[in-house]
Amino acid sequence: MNIFNFSAGPASLPKEVLLKAQAELIDWNGQGTSVMEVSHRGKPFIELAEKSEADLRRIMSIPDNYKVLFLQGGGRGQFFSVPLNLYKRGKRSQHLVSGQWSKGAVVEAQKYMACDVIGENFTVANLINVTRPEASQIDSSAAYFHYCTNETVDGIEINWLPETGDVPLVADMSSNILSKQLDVSKFGIIYAGAQKNIGPSGLALVIIRDDLLDFARDDTPSTFHYATQAKKDSMYNTPPTFSWYLASLVFDWIEEKGGLAQIEKINQEKAKRLYSFINNSDFYSNRIAPQYQSKMNVTFYLADEALNQAFLTQSNDAGLHALKGHRDVGGMRASIYNAMPLEGVDALIEFMSEFERVNG
Ligand code: PMP
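Chemist: Any chance you could explain the pairing of strand β3 (residues 92–97) here in plain terms?
Modeler: Two faces, one strand: in a regular strand the side chains alternate between the faces of the sheet. Counting buried residues in β3 gives five out of six residues, a clear majority hidden from the surface. The pairing of β3 with strand β4 (residues 114–124) spans six bridges and is classified as parallel. Within the sheet, the bridge partner assigned to Gln94 lies in β4 and is Asp116. Chirality of the crossover, the property in question, places the unit of β3, helix α4 (residues 100–109) and β4 among those that are right-handed. As judged from the three bridges shared by β3 and strand β6 (residues 144–148), these two strands associate in the parallel manner. What sits directly across from Gln94, in β6, is Phe145.

Chemist: I tried to follow helix α2 (residues 43–60) on my own but got confused; where do I start?
Modeler: An α-helix turns once per 3.6 residues; consequently, residues spaced three or four apart project the same way. For α2, with 18 residues, the first-to-last C-alpha span of 26 Å sits near the 26 Å given by 1.5 Å per residue. If you check which residues of α2 are buried, you get Phe45, Leu48, Ala49, Ser52, Asp55, Leu56, Arg57, Ile59 and Met60. Of the surrounding secondary structure, the elements contacted by the buried residues of α2 are β2 (66–72), β11 (203–209), α6 (241–256) and α7 (259–279). Immediately beyond the C-terminal end of α2, within one or two residues, lies Ser61, with a positive phi of roughly 50 degrees.

Chemist: Honestly, the pattern of salt bridges in this entry has me stumped. Any pointers?
Modeler: Pairing between side chains becomes possible if they bear opposite charge and their charged atoms approach one another. As enumerated under the stated definition, the model contains 20 salt bridges in all. A network of salt bridges, in which partner residues are shared, links Lys51, Asp55, Arg58, Asp252 and Glu255.

Chemist: Help me out: how do you make sense of the sheet that holds strand β12 (residues 284–285) in this one?
Modeler: What links the strands of a sheet is backbone hydrogen bonding, and the strands pair in either a parallel or an antiparallel sense. The three strands are arranged β12-β13-β15 in an open sheet whose pairing can be described as antiparallel. The sheet is open, and its two edges are formed by β12 and β15 (332–335), each paired on a single side. Examined bridge by bridge, strand β13 (residues 297–302) and β15 share four bridges and lie antiparallel to one another. Along β15, the bridge assignment pairs Val298 with Ala334. Helix-sheet contacts for α7 involve β12, β13 and β15, and the interaxial angle to β13 is about 20 degrees.

Chemist: Quick question: what am I supposed to make of the site of the ligand here?
Modeler: Around the ligand, the surrounding shell holds 13 residues, and the nearest of these are Arg76, Thr152, Asp172, Gln195 and Lys196. Interatomic distance of 3.0 Å between a backbone N/O atom of Gly75 and an oxygen atom of the ligand. In this structure, an oxygen atom belonging to the ligand sits 2.9 Å away from a side-chain N or O atom of Gln195. Across the shell around the ligand, the residue classes tally to three nonpolar, seven polar and three charged.

Cut-offs applied
Residues numbered from 1 in each chain as written. Predicted model: local features only at pLDDT ≥ 70, side-chain atom pairs only at ≥ 80, totals over all residues. Heavy atoms only, no water. Buried < 20%, exposed > 50% of the residue type's maximum accessible area, 1.4 Å probe, protein only. Helix = DSSP H or I, 4+ residues; strand = E, 2+ residues; numbered from the N terminus. Pairing = 2+ DSSP bridges. Right-handed = clockwise from strand over helix to strand, strands pointing away. Expected span 1.5 Å × (residues − 1). Contact = heavy atoms within 4.5 Å. Salt bridge = Lys/Arg side-chain N within 4 Å of Asp/Glu carboxyl O. Axes fitted to C-alpha atoms, helices over the stretch in contact; angles between N-to-C directions. Near = heavy atom within 4 Å. Polar contact = N/O pair within 3.5 Å; in protein donor to acceptor, adjacent residues only side chain to side chain. Nonpolar A, V, L, I, M, F, W, Y, C, P; charged D, E, K, R; others polar.

Quick look at the structure:
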């Protein structure tokens, strides 16, 4: 039986990537050992690091005036790294709170600076919408403006760009990075925990515009000090080498698939199929306004919540794993990141349709 893993993260990785890693585990790059066991200062690993950065720059069209960092501490590690590193730029930060993760970023940033929340969700006709901050609400003296482009828990994706003038736009893209084409030049900092579209958990990718490297608080720990890590090519401390290696295999896989233009097309098709099935059903419902429905995390509810456990048990038995929604919002969630093939989505729709026929 085919297993399709809908976990929100750590999430499934492309089968081809796992097979390559398996084949190279004992003998990587002719070294006679695994990539985990060689020095990050040796030529083979440095070459891997340089190639992966060059690949990512090509895939995302990252302009030359941005640094790319491969750090530790996952997504939440950036919740404190961003305020620490931009601290001298301004006395406060501004935030759009569109769900659980952007709220978490405020809780952490508040330890270091004053935070204004200038946009939150609102509900119209039982559908969740996101407030779009007005240009007049932006405080030009703010250190940065933070938002989360895809709320993994809630299933909310924001497709517009906040207009923040000269205030650097900082985006948590943990759960939709590399899922579609993006104009990196609009952002001051893009960061992402790796465990959805990049690789194993623990690794964090940070893309930062050069002019923002000069504002760190003096007491910022060196491991999380962007300028220090940029100067040392992310090797001030020992980087998470195995995770970095897996990320490099994922970047190869993206290029083999035809890059982000192709990946985006497949992701659009997957989301379209699943949402149109849910939207056409009275048995299942999604509670997000259509323009904010995430293409990565599809949240849905059964009209009769008493059937939740049966749905989860039977879907799991059918090889459709990890569909339980986050405990804070309940219901179901199908995470359909890059590595989820179209067949996985079709199999889910077939199961949901049959479950509805039997129980509806
Ligand atoms: N931001 C977003 C959007 C996330 O989805 C997550 C994790 N699911 C995080 C931040 C936190 O990442 P980590 O658990 O790696 O700290």
